[in-house]
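# Close look at the chain arrangement
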There are 2 protein chains.
Amino acid sequence: MKNITYAFTAASAFVAMPQTASATPPPPLNYTPEILRDSALADDVMAYEIVEGLTTEIGPRQGGTPAEAKARAWAVQKLKSIGFDNVRIDEYRMPTWVRGEETAEVTAPFPQKLAITALGNSGSTGDAGIEAEVAYFPTLDALRAAPDGSLKGKIAFVSHAMQRTQDGSSYGAFGPARFVGPNIASKKGASAIVIRSAGTDYHRNPHTGNTNFETGVTPIPAGALSIPDAENLERMLALSQQYEGKPVRLKLKLTPKNIGMQTSGNVIAEVKGSNPNLPIIVIACHLDSWDLGTGAIDDAAGCGIIAAAAFRLTWMGQPKRTVRLLWAGAEEVGIWGGKDYGAKYVNEPHALAMESDFGAGKVWAVDFNLPASAKPVRDQITSALAPLGIVPRQQVAGGGADIGAIIAAQKLGVIDLQQDGTKYFDLHHTPDDTLDKIDKAELRQNVAAWAATLFLLANYEGELKPEPKP
Amino acid sequence: MKNITYAFTAASAFVAMPQTASATPPPPLNYTPEILRDSALADDVMAYEIVEGLTTEIGPRQGGTPAEAKARAWAVQKLKSIGFDNVRIDEYRMPTWVRGEETAEVTAPFPQKLAITALGNSGSTGDAGIEAEVAYFPTLDALRAAPDGSLKGKIAFVSHAMQRTQDGSSYGAFGPARFVGPNIASKKGASAIVIRSAGTDYHRNPHTGNTNFETGVTPIPAGALSIPDAENLERMLALSQQYEGKPVRLKLKLTPKNIGMQTSGNVIAEVKGSNPNLPIIVIACHLDSWDLGTGAIDDAAGCGIIAAAAFRLTWMGQPKRTVRLLWAGAEEVGIWGGKDYGAKYVNEPHALAMESDFGAGKVWAVDFNLPASAKPVRDQITSALAPLGIVPRQQVAGGGADIGAIIAAQKLGVIDLQQDGTKYFDLHHTPDDTLDKIDKAELRQNVAAWAATLFLLANYEGELKPEPKP
């Protein structure tokens, strides 16, 4: 930290701290992680201000686009104004896909429009669109079971039964309809594919997200229907079967395009540690968002949480280890920022990585992947988090997308502060991901959990990397 | 009722009725409104099937369009299959406005797209769109207070603070931003107007609805922003004021057009009474919907409720009075069906009118406008409704849009079964008005309340028109 300018502009951040009504920072006396935690819990405005700024002043900021570049400039200014050290941008180049027009309508037997959005990497229907019979698959497994060539000239429609889960694990169970459904449908000869959005809400806002085609597989037009529209289409298919025997036909227009290699980048900032020999801790969020919403929960919230927690860490005096913030670029469209970070910093010693990229819901559990020798710090963290309603689990912490590359390269220690994701997939990758979805009290609880955890980790000098797996 | 065909296709409608496992209708023995009510409460599938059919097989059905004509044909077939008497269409002609393209984006100082929809009767920006500075009014009263001519070359933005209310009365308080805001802005010289949607949700689905321009006032382009977008625009205006001093500029493209006189129509059906000398009872819903959603709560639900209740009425044997169903056309776009009904049937004696057009939420109160002499039937209705959680109020029943003309022409008695509208304006006139928003148990409670009320009214031979006002 270079200075405390920001702290004293956002004066209310201090109300819970004793003796701070002066122009000097609070002295690093006998503060504890509990004091740090409770001050954040009582009143943290910084995290919310970051979400508000990104969603209002920038809005949607897809990786590789000019909006993402503006977000990087905004981020540098913000992180410098807070007072972080070594604020900088690491640029890289990446292939970029952008959305075009998108419409869908049932043309027979019950003509009406459906709400659709293209999946990232979708092919184009061309301006003329595609009109074809719908081939219905209630599950991805049913699509997998379709004979090769059986989808020729048809539009595949894959549905599923994704439900809300606290830990978000239903995304793992039902997300593959999006991740791999289009690739499978293309290989079976489909002209196009629509899926029931990988989401859990009932609004007419379809969920986008990347899909991927294997090399040599034609990228067919691939879209997601909103859940009310997917259910309407299912009812039409059932009725058509029952009363008419007539096929249901769909007309799709999706005109996305690939605009070639573009510039994206990571924004980096640090709280410098006092001991340069200690491997650093990297904490990540992603700065980019999908283009439909303003990226409040995905992932301005994560950037707000880690910045506010790292800022509060400095109140305790200089930590022993350096804590590095990675506001990653282009996560949604292929984790380009995370991969670039892993490659660029592969030779700089890291100890541990953490990520916040699951909205702004309360942290309810903590998972660890630490060596047995780190039991003392693990126990301290568990104790500090318990009053926030956070319980330790048996699961081994896995990290997140943007820290995946550096964790794999250096076999890092990981701590996951698991957020309640019950409503996350109501909003994920939709136009509805906007500032109003942020619960300020829950956001503060995140900052409190992160601040206490970071304080304990950054002042712990022992080994944090887990034992090598046999 | 001509027959009971429908009843025996939808066999489950009978499970709560004793001794009906035959091909004959249940005999009109000593049934009571309570038995009728409770059978509907336990199991009514017809109302839901009507909502499902209209939303799935027809979808959006704006007044004056081919989709509304298809809905009339569907309705005639459905009402005949249920077995109602005198099923017919009364056509009329009406001027028709249809939506075009619609986009909005902030161009400075924080460029991003906003979710917008045109209000009914909006003027067009032309294909080139309009780009202008935003003039902000936190309330409609603030717009009213703006000096004449002060909006020249600007786009007015009117916000408000509409909140959820059980009785829906906030629509009366905040709806005028839509009803008259555009007319006021045009008279003050504005190039266009955008309002915060008259709604109470936080989704990126703007609320449409009619606005009206006085004769001689230019119909300027008029749109509604979704509530998250309206709040984002308010934040931009505040930030711009605070830090930049730069005006916020908006680019609008709204290209609706008037397509001249088109055909619309009411669908009429009856349960014939045994005494042709008794003035009839008319019960109404509207068949048309706005074009953005599939019109589940507005107002397929109302049509399902009144049809299911009238169908159940026939189980009690022929009523004394004729009960007429009015599935009105073109309500949303100017109450054309209701006005046509009032004019066409002005000389046919009516006694009382009721309407269901406030979604599918539970009935929680009943209001009356009856003569003092009708106290016995009023008391019977109150008693029959009490076990459904419905309380009588002091308010004088006013009816609804589609029965307004006939009530005024003949000074009819009115009973209002007031539905819980707490969430109604989350969905009203948005793309989100879809089948999944219907709560089947609440829908059944509506049918139960209507069935008991209709039975008591249709067999009451006394006067139902209130005393003339002094």
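The written sequence of each chain sets the order in which its residues are numbered from 1. A letter from A marks each chain and a number from 1 marks each ligand, given out in the order of writing. Note on the predicted model: pLDDT of at least 70 is required for a residue's local features to be given, and 80 or more for side-chain atom pairs to be given and counted; whole-chain, interface and lining totals, by contrast, use all residues. Side-chain metrics rest on all non-hydrogen atoms present in the structure, leaving aside hydrogens and water.

## A look at the interface of chain A and chain B
- When checking whether two residues touch, look at their non-hydrogen atoms; a contact exists if any pair is within 4.5 Å. Contacts between the two partners involve 29 residues from chain A and, on the opposite side, 29 residues from chain B.
- Two parts placed together each lose some accessible area under a 1.4 Å probe, and adding up what both lose gives the buried area. For the pair chain A and chain B, the summed buried surface comes to about 2200 Å²; carbon and sulfur atoms form 50% of the total.
- The largest share of the area that chain A buries against chain B comes from Thr56, Arg204 and Arg235 of chain A, three residues that together contribute 26% of it.
- For salt bridges, the criterion is a side-chain nitrogen of Lys or Arg within 4 Å of an Asp or Glu carboxyl oxygen. Applying the counting criterion to the chain A and chain B interface returns zero salt bridges.
- By the criterion applied in these results, polar contacts are pairs of N or O atoms within 3.5 Å in which, for protein atoms, one can donate a hydrogen and the other can accept it, and in which residues neighboring in sequence qualify only through two side-chain atoms. Across the chain A-chain B interface, the total number found is 16 residue pairs in polar contact (both at pLDDT 80 or more).

## Looking at the sheet that holds strand E16 (residues 413-419) of chain B
All names here are of chain B.
- Note on pairing: two strands pair once DSSP finds at least 2 bridges between them. In DSSP terms, a helix is any run of H or I states spanning at least four residues, a strand is any run of E spanning at least two, and both are numbered starting from the N terminus. Taken in spatial order, the eight strands make up an open sheet running E1-E10-E12-E11-E13-E16-E14-E15, and their pairing is mixed. Since the sheet does not close on itself, it has two edges, and those belong to strand E1 (85-98) and strand E15 (391-396), each with one partner. The sheet shows a mean angle of 20° between the axes of neighbouring strands, direction not considered.
- As defined by bridge partners, strand E13 (residues 350-355) adjoins E16 across two bridges and the pair is classed as parallel. Opposite Ala353, over in E16, you have Val414 as the bridge partner.
- Each axis is a line fitted through C-alpha atoms, taken for helices only over the stretch in contact, and angles between the N-to-C directions span 0 to 180 degrees. The sheet contacts of helix H10 (residues 296-313) involve strand E10 (257-271), strand E11 (280-286), strand E12 (323-328) and E16, and relative to E11 the element is tilted by about 150°.

## Thoughts on helix H2 (residues 33-42) of chain B
- Inspection of H2 of chain B places Pro33, Leu36, Arg37, Ser39 and Ala40 of chain B among the buried residues, and these make up the whole buried set. One face of H2 of chain B carries all of its buried residues, which in axial projection span an arc of 165°. For every residue, the accessible area obtained with a 1.4 Å probe (protein chains only) is divided by the maximum for its type, and the residue is called buried under 20%, exposed over 50%, and partly exposed between those limits. By definition, the arc is the one covered by directions from the helix axis to the C-beta atoms.

## Focus on the sheet that holds strand E3 (residues 112-114) of chain A
All names here are of chain A.
- One open sheet holds the eight strands; their spatial order is E3-E2-E9-E5-E6-E7-E8-E4, and the pairing between them is mixed. Among the strands making up the open sheet, the edge pair consists of E3 and strand E4 (116-118). Across the sheet, the mean angle separating the axes of adjacent strands is 35° when strand polarity is ignored.
- Pairing analysis gives five bridges linking strand E5 (residues 130-137) to strand E6 (residues 154-158), with the strands arranged parallel. Bridge pairing in E6 links Val134 to Ile155.

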